[in-house]
Amino acid sequence: MTVTSHPMALLRSRLPAGSIDSRELVTLANGSRVRIGGLVVARQRPGTAGGVVFVLLEDEFGSST
């Protein structure tokens with residue numbers, strides 16, 4: 001199936017106020033708290049990570065880990 005827009009482009013207006021996109025992540029200081037939306041492209045839960053789950057999110061502008 002092909003679509004004319006990325007699915008996140010269609011949902012962007014429904015995200016909570018203050019949400020950012022993947023382009024804005026590079027402008028923030030390390031350790032900043034953010035609210036971001038995206039499609040989960042990959043999920044990892046390594047046994048050695050102490051219960052931490054790593055996700056790769058994708059929005060209409062790129063990916064973020």
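It should be emphasised that the depicted structure is a prediction, and the values quoted were computed from it without experimental measurement.

(A) Local environment of the sheet that holds strand β1 (residues 39–44). Taken together, the three strands give an open sheet; going across it, the order is β1-β2-β3, and neighbouring strands pair in antiparallel fashion. For this open sheet the edge positions go to β1 and β3 (62–64), each flanked by a neighbour on one side alone. Shown here is a sheet whose adjacent strand axes are inclined to one another by a mean of 20°, direction ignored. Here three bridges tie strand β2 (residues 54–59) to β3, and the two strands are oriented antiparallel to one another. Of the residues in β3, the one forming a bridge with L57 is S64.

(B) Representation of the pairing of β2 within the structure. The pairing of β1 with β2 spans five bridges and is antiparallel. Among the inter-strand pairings, A42 is bridged to a residue of β2, identified as L56. From the end of β2 to the start of β3, which pair antiparallel, there are two residues.

Rules behind the numbers
Residues numbered from 1 in each chain as written. Predicted model: local features only at pLDDT ≥ 70, side-chain atom pairs only at ≥ 80, totals over all residues. Heavy atoms only, no water. Pairing = 2+ DSSP bridges. Helix = DSSP H or I, 4+ residues; strand = E, 2+ residues; numbered from the N terminus. Axes fitted to C-alpha atoms, helices over the stretch in contact; angles between N-to-C directions.

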